Amino acid sequence: MSGQAQKRLFFEDINDALREVVQQLGGAKAVGPMLWPEKSVEQAQMLLLACLNSERKERLTPDQVLLLLRKGREADCHAAINYI
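We now turn to the structure provided with this report. The structure displayed is predicted, hence computed values, not measured ones.

Definitions and limits used
- Residues numbered from 1 in each chain as written.
- Predicted model: local features only at pLDDT ≥ 70, side-chain atom pairs only at ≥ 80, totals over all residues.
- Heavy atoms only, no water.
- Buried < 20%, exposed > 50% of the residue type's maximum accessible area, 1.4 Å probe, protein only.
- Helix = DSSP H or I, 4+ residues; strand = E, 2+ residues; numbered from the N terminus.
- Arc of directions from axis to C-beta.
- Contact = heavy atoms within 4.5 Å.
- Axes fitted to C-alpha atoms, helices over the stretch in contact; angles between N-to-C directions.
- Parallel < 35°, antiparallel > 145°, perpendicular 65-115°, else oblique.
- Left-handed = near helix turned anticlockwise from the far one by under 90°.
- Nonpolar A, V, L, I, M, F, W, Y, C, P; charged D, E, K, R; others polar.

Here we take up helix H2 (residues 28–35). If you check which residues of H2 are buried, you get Ala28, Val31, Gly32 and Leu35. Mapping the buried residues of H2 onto a view down its axis gives an arc of 110°, with all of them on the same face. The secondary structure elements touched by the buried residues of H2 are helix H1 (14–24), helix H3 (41–51) and helix H4 (62–74).

So this is what it looks like as structure tokens:
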């Protein structure tokens, strides 16, 4: 196998699949500010992590999910759309 890690094929729920996309995009610290540019990096990171935690009440908007799907496609990470 080349230098790439093996891609996961199965996910528990949509949040699990979206976490995979976020990881492939550089992690919550990199992706959070894309979703909430008005927040500090740390606030955006924490909010994103909360949104991707099924135990929390915070949720991504449909537009934010679409942005993650689009950015995931650009990074050749199709985990979330494949889950859907």
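Moving on, we come to H3. Of the residues making up H3, those classed as buried are Ala44, Leu48, Ala50 and Cys51. Seen end-on, H3 carries its buried residues on one side only, within an arc spanning 160°. Check the buried side of H3 and you find it contacts H1 and H2.

Axis separation between H2 and H4 bottoms out at 11 Å; the angle between their running directions is 130°. Accordingly, the angle class assigned to the pair H2 and H4 is oblique. Note that H2 runs across H4; the crossing there is right-handed. On H4, the residues touching Val31, Met34 and Leu35 of H2 are Gln64, Leu67, Leu68 and Lys71. The residue inventory of the contact of H2 with H4, partitioned by class, reads five nonpolar, one polar and one charged.

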